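Residue strings, one per chain:
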Protein chains: 4
Amino acid sequence: MVRRRLTQEERKKETRKLLLEAAVEIFAQMGFYGATVDKIAEHAGFSKGAFYAHFHSKEELFLTILEQQMEAHVDNIRNVIKQHQSLSHFIETIDKYFLSVAQKNRTLSMLNMEFLLYAMREESVRHKWSGMITESVKQISKAINELMLSENYESDLSTDEIAWTILSLENGMAIFYYINQDLMPLNLYGKSLRNMLLPHIKEEN
Amino acid sequence: MVRRRLTQEERKKETRKLLLEAAVEIFAQMGFYGATVDKIAEHAGFSKGAFYAHFHSKEELFLTILEQQMEAHVDNIRNVIKQHQSLSHFIETIDKYFLSVAQKNRTLSMLNMEFLLYAMREESVRHKWSGMITESVKQISKAINELMLSENYESDLSTDEIAWTILSLENGMAIFYYINQDLMPLNLYGKSLRNMLLPHIKEEN
Amino acid sequence: MVRRRLTQEERKKETRKLLLEAAVEIFAQMGFYGATVDKIAEHAGFSKGAFYAHFHSKEELFLTILEQQMEAHVDNIRNVIKQHQSLSHFIETIDKYFLSVAQKNRTLSMLNMEFLLYAMREESVRHKWSGMITESVKQISKAINELMLSENYESDLSTDEIAWTILSLENGMAIFYYINQDLMPLNLYGKSLRNMLLPHIKEEN
Amino acid sequence: MVRRRLTQEERKKETRKLLLEAAVEIFAQMGFYGATVDKIAEHAGFSKGAFYAHFHSKEELFLTILEQQMEAHVDNIRNVIKQHQSLSHFIETIDKYFLSVAQKNRTLSMLNMEFLLYAMREESVRHKWSGMITESVKQISKAINELMLSENYESDLSTDEIAWTILSLENGMAIFYYINQDLMPLNLYGKSLRNMLLPHIKEEN
DNA sequence: GATGAATGAGTTTTCATTCAT
DNA sequence: AATGAATGAAAACTCATTCAT
């Protein structure tokens with residue numbers, strides 16, 4: 001009896017997971033309005049009914065994914081930061097991360113855009129989103145600060161400003177990249193960051 | 001007789017203009033799907049029928065606005081470029097332009113995002129959009145090149161790369177700005193650009 | 001002054017005539033619902049406004065044409081009848097008439113079908129239509145009667161019944177003819193009629 | 001479990017059947033354009049949504065019914081033919097069939113007219129329709145041929161021509177019958193056919 | 001009389017959501 | 001938990017008709 005219950009609960013979780021994964025793909029491919037509950041459910045191998053057993057509404061699902069992705073994004077940044085040893089190495093790592101995300105996850109990037117638009121319009125979502133950004137900036141800023149101190153390096157930009165610039169450039173370049181992958185050289189992200197942050201170091205080279 | 005006809009034609013033009021203006025606002029506020037033909041027409045002070053006398057479909061209207069905005073954007077860049085006298089002055093001008101657009105035209109910026117998302121999904125639109133970007137890059141690149149020559153200034157980045165960076169940063173910062181206007185300092189755009197492009201000149205100061 | 005007024009009235013009549021002619025074609029080609037006031041007016045070289053200066057509504061126009069065509073049809077039958085000299089000759093004439101109408105006036109035949117359907121549904125129109133049919137039957141019947149008397153010819157069918165059969169066969173064959181012109185031999189109309197009415201005469205051949 | 005699923009499927013079938021039946025009536029009464037999806041669904045006791053769960057479009061429904069009726073028509077003719085023993089008996093059977101259809105199924109007859117008009121305008125439908133007619137003619141022709149051989153009877157008309165005449169007369173008389181049931185004697189169909197086909201046999205009587 | 005811009009009721013169609021099984 | 005039939009609100013779009021010029 002106990003096992004059966006466990007199995008059932010596990011199955012419930014599994015269904016939910018499958019629905020979420022399907023939703024990520026469908027939302028990314030078709031946008032919030034283009035994605036119908038039917039398509040999402042079918043893509044996950046279930047019926048509409050199953051969907052509504054797991055989520056109250058299409059919007060709730062969307063917000064659930066939004067939150068998931070937000071957390072994943074902050075996590076990723078945290079991981080990138082952990083690996084740094086010097087400012088130059090930090091930029092290299094962040095550049096590689098950008099490259100890998102941009103090339104592999106067109107889907108996620110489009111979903112990200114979808115979220116941005118949603119966030120720009122929905123007060124409550126905008127709030128959460130802005131919280132996540134603040135958090136990201138704080139973490140990046142702190143890491144940069146430590147590196148600057150250890151490298152005895154100065155800049156006209158505050159560490160917060162540098163963090164903002166890093167994230168802005170990432171988003172901005174991702175947009176162009178997805179509009180036409182051939183136009184903009186992918187390695188420009190790291191190159192620009194290096195140019196902006198490491199002029200003195202370069203001179204010493 | 002001539003005056004009568006002219007008046008009618010003028011009225012037609014006026015109606016079209018009003019519909020377009022209304023559409024810009026409604027699309028920006030509510031997005032492509034949130035904006036209904038009904039809302040647009042009503043906002044302009046007309047009926048749905050009037051709308052369809054001027055546009056074949058909601059999508060046609062959207063694309064009409066898209067094209068308008070694209071042209072306006074390239075024009076604006078052209079104007080910004082015309083005013084430059086030195087690289088430093090050029091950055092200042094582009095920064096001021098960004099500031100004014102960001103502060104005055106929340107509407108247009110959100111519309112811009114809407115277009116981006118649309119472009120990412122629609123092959124044909126993506127094509128046009130990418131053409132516009134290429135054109136913008138070319139113009140900016142050329143202007144920077146001239147300034148660099150006259151100022152005998154060098155950079156690790158090609159003028160094309162600089163142009164891409166300028167536009168990417170603009171888009172990326174605009175996004176953050178609209179998600180939370182209080183978080184990111186607006187003047188950061190110019191500041192970052194200056195840091196990236198003018199390290200040597202600064203040193204001479 | 002007098003001349004101008006006359007001209008204006010003539011022009012009015014001319015416009016009305018052009019609108020009616022255009023309507024006949026458009027109704028026949030597209031049916032009552034497929035034909036829009038816009039299309040009709042444009043086909044006549046006028047605007048919708050002109051249309052409504054001449055007809056109260058689309059339906060009124062339709063009924064006007066209906067009446068016109070009904071009268072024309074009775075007229076045609078009258079003419080056919082006038083030309084007869086013998087029963088055999090009468091059938092020949094009616095056959096030729098059918099042939100010419102079927103081949104030349106696909107348009108009118110389809111309009112005729114449109115009217116039939118309309119008549120089947122609209123009490124008042126059905127009434128008029130049925131009056132026209134009765135009139136046609138009467139005229140044909142009378143003509144046949146005279147011919148029979150003069151030829152000392154008898155039939156199991158009354159002259160009224162013969163008239164009904166003639167008209168029914170005409171409609172029925174026209175339908176098949178327009179569905180597929182290649183299937184049914186056009187001369188079958190006369191042939192069948194001859195077979196029905198002239199067995200004795202044929203025997204004498 | 002099995003029963004549950006069966007019940008649901010059965011209900012689906014039942015709903016579809018009810019929608020089709022309602023559609024036949026509404027189309028017949030109001031024509032293709034007069035019949036709205038709303039009216040059809042309501043007449044069947046369902047919502048518009050239910051309608052679209054069963055049919056892609058109003059036109060698809062219409063064509064579904066068209067095909068159904070075409071098949072039924074050919075079937076009926078087949079049955080009529082099966083029952084014949086002699087040419088005279090054959091005509092009697094076909095006459096009775098006509099009478100029963102005309103009196104009982106005003107609805108179906110009007111639907112038939114609706115189909116005819118539709119067929120006259122739509123290439124693809126016209127094609128199917130003409131195929132059905134050819135088939136009907138073939139079957140009738142064959143039956144007549146056998147009867148003629150067995151009765152050693154000859155006619156100026158080929159058996160194909162006789163078949164065409166039979167069907168044409170049926171349609172033609174049905175039209176007049178529905179425009180005014182009182183005008184044309186219903187038994188005229190059989191009478192005319194007898195007169196056309198059986199002159200010699202009659203004489204021998 | 002003629003124009004054609006504007007209206008708005010009416011139509012088809014979609015889809016998030018509910019609910020009986 | 002899952003199914004999928006049914007709902008109904010909402011949207012895009014059409015077109016007969018009106019009316020100011």
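Because the structure is a prediction, the values reported are computed rather than measured. (Residues numbered from 1 in each chain as written. Chains lettered and ligands numbered in written order. Predicted model: local features only at pLDDT ≥ 70, side-chain atom pairs only at ≥ 80, totals over all residues. Heavy atoms only, no water.)

### Things to note about the interface of chain B and chain A
Interfaces are often described in size by the accessible area the parts lose on coming together.
And step 1. At the interface, 49 residues of chain B touch 48 residues of chain A.
And step 2. Of the roughly 4600 Å² buried between chain B and chain A on both sides combined, carbon and sulfur atoms contribute 69%.
And step 3. Summed over the three residues of chain B that lose the most area to chain A, namely B:Met120, B:Phe176 and B:Ile179, the buried surface amounts to 16% of that side.
And step 4. Between the two partners, chain B and chain A, sit 4 salt bridges.
And step 5. At the junction of chain B and chain A, the tally comes to 12 residue pairs in polar contact (both at pLDDT 80 or more).
And step 6. Contributing elements (two or more residues each) for the side of chain B that touches chain A: helix 1 (2-34), helix 6 (106-121), helix 7 (123-151), helix 8 (159-179), helix 9 (188-197) and helix 10 (199-204) of chain B.
And step 7. A per-class count over the side of chain B that touches chain A returns 26 nonpolar, 14 polar and 9 charged. (Contact = heavy atoms within 4.5 Å. Buried area = accessible area lost by both parts, 1.4 Å probe. Salt bridge = Lys/Arg side-chain N within 4 Å of Asp/Glu carboxyl O. Polar contact = N/O pair within 3.5 Å; in protein donor to acceptor, adjacent residues only side chain to side chain. Helix = DSSP H or I, 4+ residues; strand = E, 2+ residues; numbered from the N terminus. Nonpolar A, V, L, I, M, F, W, Y, C, P; charged D, E, K, R; others polar.)

### Points about the relation of the copies chain C and chain D
And step 1. Overlaying chain C with chain D gives an RMSD of 0.3 Å, the required rotation being 179° about an axis along which the chain moves by 0.0 Å. What we have between these two chains is a two-fold relation.
And step 2. When the interface residues of chain C are mapped onto chain D, 100% of them again lie at the interface, so the same face is used by both copies. (Least-squares fit on C-alpha atoms with pLDDT ≥ 70 in both.)

### Focus: the protein's contact with DNA strand E
And step 1. Near DNA strand E, the surroundings consist of 33 residues, among which B:Thr15, B:Ser47, B:Gly49, C:Gly49 and D:Tyr52 are the closest.
And step 2. Among the atoms of DNA strand E close to the protein, meaning within 4 Å, 66% are from sugar or phosphate groups.
And step 3. One nitrogen or oxygen atom from the side chain of C:Lys48 is found 3.4 Å from a base nitrogen belonging to DNA strand E.
And step 4. Counting only elements with at least two residues in the surface near DNA strand E, the list comes to helix 3 (48-54) of chain A, helix 1 and helix 3 (48-54) of chain B, helix 1 (2-34) and helix 3 (48-54) of chain C together with helix 1 (2-34) and helix 3 (48-54) of chain D.
And step 5. Class assignment of the residues belonging to the surface near DNA strand E gives a composition of 10 nonpolar, 13 polar and 10 charged. (Near = heavy atom within 4 Å.)

### Re the UniProt feature "domain: HTH tetR-type" (unreviewed entry) in chain A
And step 1. Mapped onto the present numbering, the UniProt feature "domain: HTH tetR-type" (unreviewed entry) falls on residues 13-73 of chain A.
And step 2. End-to-end, the C-alpha atoms of residues 13-73 of chain A are 23 Å apart, and along that stretch the chain is 87% helix and 0% strand. (UniProt positions renumbered as here; feature names shortened; annotations may be inferred.)

### Comments concerning the pattern of salt bridges
And step 1. All chains considered together, the criterion is met by 26 salt bridges over all chains.
And step 2. Here B:Lys191 makes a salt bridge to A:Glu161, at a shortest N to O gap of 2.9 Å. With B:Lys191 in helix 9 and A:Glu161 in helix 8 (residues 159-179), this pair bridges two chains.

### Comments concerning the protein's contact with DNA strand F
And step 1. Around DNA strand F sit 34 residues, and of these A:Gly49, B:Lys48, B:Tyr52, D:Thr15 and D:Ser47 come closest.
And step 2. Restricting the count to atoms of DNA strand F within 4 Å of the protein gives a sugar and phosphate share of 68%.
And step 3. A:Thr15 has a polar side-chain atom sitting 3.1 Å from a phosphate oxygen of DNA strand F.
And step 4. Counting only elements with at least two residues in the surface near DNA strand F, the list comes to helix 1 (2-34) and helix 3 of chain A, helix 1 and helix 3 of chain B, helix 3 of chain C together with helix 1 and helix 3 of chain D.
And step 5. A breakdown of the residues in the surface near DNA strand F according to their chemical character gives 10 nonpolar, 13 polar and 11 charged.

### Structural notes on the UniProt feature "DNA-binding region" (unreviewed entry) in chain A
And step 1. With numbering aligned to this structure, UniProt lists the feature "DNA-binding region" (unreviewed entry) at residues 36-55 of chain A.
And step 2. What you have in residues 36-55 of chain A is 75% helix and 0% strand, and the ends, taken at the C-alpha atoms, are 14 Å apart.

### Considerations on the relation of the copies chain B and chain A
And step 1. Superposing chain B onto chain A requires a rotation of 179° together with a translation of 0.1 Å along the rotation axis, leaving an RMSD of 0.3 Å.
And step 2. When the interface residues of chain B are mapped onto chain A, 98% of them are again interface residues, pointing to one common binding face.

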